[in-house]
Amino acid sequence: MTRSWSRRTFLQTTGGTALAVGIVGSPLLSGQAMAADEFSALRAKWRTLMLGEGFSPTAEPFRTMLTKLGTRAAEFRSTMAPAGGSLWPDLVWADPEPDTDQESYGYSQRMNDSYGRLSVMAQAYCQPGTGLTGNASLAADIVAGLDHVYAGIYNEGRTRFGNFYSWQIGAPQALLDTCVLMYDQLSATQIANYCRAVDHFVPDSAVAGYTGTSTGANRVDLCRVLILRGIVGGSSAKVTVGRNALSPVFPYVTSGDGLYADGSFIQHTSVPYAGTYGAVMLGGLGMLFALLAGSTWAVTDPNRQIVFDAVENAWAPFLYNGLVMDNVSGRGMSRGISLNDPGRIQADDHLRGHGILSAIVLLGQGASAAENARWRGMVKGWMQRDYYSPPLSDPWLSLVGLARLKSVAEDTSVSAIAEPTGHRLFPSMARATHRRPGWAASISMAGKRITHYETGNGENLRGWHTGSGMLYWWGDTYANGQYSDAFWPTVDPYRLPGTTNSRIPLADATGGDWGAPKPDVNWVGGATDGHRAAVGQYLKGLQSTLMAKKSWFCLDDSIVCLGAGIKSTDGAAVESVVENRNLGPGGTHALTVDGTVKPVGHPWSETLTGATWAHIGGMGGYVFPGGATVRALREERTGRWSDINRGMATTPITRRYLTLWADHGTNPANGTYSYILMPGASTTQTAARAADTGWVQILANTDNQQGVRVPSLGFTGVNFWFGGSVGALTASAPCSVMISEKTDGTAVICVSDPMRMQTALTLTWNRAVASVTSKPSTVASATTGSSLNLTFGDLSGTMGATQRITVRLG
């Protein structure tokens with residue numbers, strides 16, 4: 001392969017003769033040389049996207065980050081020992097029995113990691129202030145390392161084994177990034193060799209169909225490989241294939257992987273994944289949009305607006321004070337302290353969130369001016385409010401990401417935007433978020449389309465019950481480390497807050513890998529007006545006989561939680577967990593029950609009989625309408641990240657917990673529970689709510705229906721598991737209904753078909769209604785008068801979306 005000169009080099013070499021004889025713009029320069037000039041410009045742009053810009057290498061925190069980068073690169077360089085089957089002694093890639101088992105996954109990962117280390121070394125060579133900047137000896141070692149990995153494993157003569165990701169995404173991305181950084185040190189023969197290897201493992205056919213491992217975030221990663229391979233190897237055709245293959249990522253999907261119109265993002269067919277795979281997709285698209293902008297291959301597909309819309313539709317609802325909620329991070333929530341680098345936190349909800357903030361800033365460069373300005377304001381607000389893990393001190397964030405966030409923090413033209421309030425329901429991924437002034441909550445469920453949990457690659461081995469109605473919540477200025485501070489390796493996995501579970505013992509990775517365990521239930525979802533909501537889950541336990549109906553009514557300062565029809569024949573205890581607060585290494589938060597402060601020492605436990613309210617100091621309150629028997633426990637729990645993720649550290653970690661739960665006993669036949677969660681409430685506010693026995697009216701809490709009415713809010717919510725009558729509402733078939741009566745004489749009726757099965761539905765509200773002022777096309781007829789009768793047509797195709805009707809009351 002002959003390296004083409006850049007236009008600048010050509011003119012410099014000819015001493016301007018090209019201009020003098022008038023051949024600039026001729027076929028000679030508009031053909032091969034002009035194409036090479038564009039590839040050169042794209043390589044330069046990718047270098048900037050990788051290395052960052054607009055920061056001073058002598059200013060903190062960049063000086064320290066660059067020093068650490070140099071130290072890491074020096075360590076990698078000093079331990080590099082090319083041998084048969086490895087480039088580093090601790091990264092042996094030679095697999096004695098290459099196949100697709102877990103052991104082979106490890107060998108393929110070591111090949112991937114070898115390229116990753118070379119990429120780190122290349123960054124240290126190119127970045128200023130690393131102590132290795134422009135070091136010729138380092139450059140020679142990097143090039144030698146590339147040749148060794150090519151000769152030993154990643155070449156056109158090898159057959160892949162282990163994890164497809166290592167061969168088609170991880171390794172080629174690191175290889176091509178290194179090729180861009182070290183381009184001037186590589187010969188034409190070396191570039192040709194590396195490009196042949198990439199072509200072998202990532203042929204154009206990898207993006208021929210939008211199926212399997214070529215969807216969503218994976219598809220964007222594959223496109224990145226093809227585009228960079230084209231830029232490095234000077235192939236316009238490869239760049240075109242990669243650019244065009246992005247288009248299937250943009251449109252909304254109705255099943256499988258991708259973005260949904262309701263804001264859901266799914267990867268691996270059944271896993272809610274906005275927090276990890278979705279973040280990769282967001283960041284990858286931002287990089288590629290920025291790379292190709294203004295070039296021959298600019299991304300102009302009008303459907304790319306769907307990605308821009310998703311910033312506020314799909315990602316923002318799960319971002320709070322800089323963190324991204326764990327219930328959309330799949331198995332990523334089990335990544336904590338790395339086994340290979342015990343001093344480094346690999347990830348938590350805040351660290352993952354910071355990466356998304358950086359990706360949003362980058363994506364904004366390709367969006368409209370209005371979108372870019374608004375997103376920068378949102379990012380600035382999230383950054384300012386992240387007191388628990390300040391983004392500009394994030395040790396996990398890349399230097400490039402940090403530079404982007406610092407530019408927003410220092411941009412005086414940008415005003416921080418406050419956290420929004422309101423409710424978002426995501427029926428396509430069985431998730432809900434509820435935001436109020438001072439706090440935010442989220443609910444994770446499972447059904448026929450959405451997995452109980454995802455395990456795979458030895459990760460998230462005990463996430464069994466995260467889809468069993470887990471209720472997460474955070475305060476504005478407190479409890480932002482609730483799930484960040486070693487929660488997942490130390491919490492009792494059978495007592496996740498909000499869940500109903502059988503205590504039947506489960507083995508690690510029970511149910512199978514990659515989202516395999518899905519309960520055979522259809523009724524999961526709810527109805528919302530965007531402010532309040534009725535949410536419900538027909539629960540079937542993971543590898544147990546447990547069945548239950550669970551409802552959450554999300555209101556202005558609280559969430560009313562109901563459970564009914566709780567039954568099991570497992571021969572094991574069944575519990576519904578009201579709360580399980582992580583108090584940190586030494587927390588002694590006071591527990592007050594009906595005005596009495598309980599002991600703060602541990603271990604401590606008590607059965608609270610006839611309790612009407614409880615309060616955890618610095619956290620919030622819990623009200624038990626009509627009184628309840630609640631078990632309470634203070635304990636220290638010790639765990640290891642390796643308990644839940646085989647690639648994580650084995651160091652023991654201890655945290656204190658305060659747990660409240662309803663004990664339904666062994667083999668319950670018809671267990672129930674009811675409580676009100678009041679995040680941030682004081683003891684006085686909690687006691688007052690408990691004393692106001694008429695504040696909430698529990699209309700039904702049975703295996704057939706669950707519903708509440710809150711007169712002071714004009715709120716009525718009913719989940720009809722079967723048709724029937726509850727209070728003033730009668731439904732002919734299963735559905736979710738939420739009504740909000742307003743002080744101006746109007747009302748909003750919200751109805752959904754969570755089962756996605758109703759071809760006809762009749763709903764009667766025994767309340768005088770003068771007129772219907774708006775209704776969707778799904779309403780076939782509406783009769784007003786002394787009552788409102790709504791007849792719906794086929795709702796099975798609405799994907800569980802809320803149907804909103806507004807009326808004027810009689």
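For clarity, every value in this text was computed on a predicted model and none was experimentally measured. (Residues numbered from 1 in each chain as written. Predicted model: local features only at pLDDT ≥ 70, side-chain atom pairs only at ≥ 80, totals over all residues. Heavy atoms only, no water.)

Overview of the state of the cysteines
Selection rule: In this description, the term disulfide denotes a pair of cysteine sulfurs within 2.5 Å. Buried means the residue's accessible area, taken with a 1.4 Å probe over protein chains only, is under 20% of the maximum for its type, while exposed means over 50%, and partly exposed covers the values in between.
Evaluated as defined, the whole model comprises zero disulfides. Cys179 forms no disulfide, and the closest cysteine sulfur to it belongs to Cys195, at a distance of 6.7 Å. With relative accessibility at 2%, the residue Cys179 sits in the buried group. A disulfide-free cysteine, Cys554 has its sulfur positioned 7.9 Å from the sulfur of Cys561, the nearest such atom. Accessibility expressed as a relative area gives 1% for Cys554, which makes it buried.

Re the confidence of the model for the protein chain
The following threshold applies: Predictor confidence is given residue by residue as pLDDT, running from a minimum of 0 to a maximum of 100. The contact definition used throughout considers only heavy atoms, calling two residues in contact when any of these lie within 4.5 Å.
Confidence in the prediction for the protein chain averages 94 pLDDT; 95% of positions are at 70 or higher. Contacts of residues 1–30 to residues separated by more than four positions or lying in other chains number 36 contacts, the stretch itself having pLDDT below 50.

Some details on helix H4 (residues 62–79)
The condition that has to hold: Helix and strand assignments follow DSSP, with helices taken as H or I runs no shorter than four residues and strands as E runs no shorter than two, numbered in order from the N terminus. Expected helix span is taken as 1.5 Å per residue step, with the number of steps being one fewer than the number of residues. Starting at the helix axis, one direction is taken to each C-beta atom, and the arc is that of these directions.
With 18 residues, H4 extends 26 Å from end C-alpha to end C-alpha; this agrees with the ideal 26 Å at 1.5 Å per step. Every buried residue of H4 is accounted for by Phe62, Leu66, Leu69, Gly70, Ala73 and Phe76. The buried side chains of H4 occupy one side of the element, clustering within an arc of 125° when seen end-on. Counted as exposed and oriented over 90 degrees from the buried face of H4: Lys68 and Ser78.

Remarks on the sheet that holds strand E23 (residues 705–710)
Within a sheet, adjacent strands bond to each other through the backbone by hydrogen bonds, running parallel or antiparallel. The test is simple: Should DSSP find at least two bridges between two strands, the strands are taken to pair. To obtain each axis, a line is fitted to C-alpha atoms, and for helices this fit is confined to the stretch in contact; angles are then taken between N-to-C directions over 0 to 180 degrees.
If you walk across this open sheet you meet the seven strands as E22-E23-E24-E27-E28-E33-E30, and the pairing is antiparallel. The sheet is open, and its two borders are formed by strand E22 (697–701) and strand E30 (769–774), each paired with just one other strand. Going from strand to strand, the sheet's axes swing by 15° on average, the running direction of each strand aside. Judged from the four bridges that link them, E22 and E23 form a sheet pairing that is antiparallel. Pairing of Ala700 across the sheet is with Gly707, part of E23.

What to know about the pattern of salt bridges
We count it as follows: Salt bridges are defined by distance alone: a side-chain nitrogen of Lys or Arg within 4 Å of a carboxyl oxygen of Asp or Glu.
As enumerated under the stated definition, the model contains 33 salt bridges in all. The partner of Lys406 in a salt bridge is Glu410, with the nearest N and O atoms 2.2 Å apart. Using a relative accessible area of 17% as the deciding quantity, one classes Lys406 as buried. We classify Glu410 as exposed; its relative accessible area is 53%.

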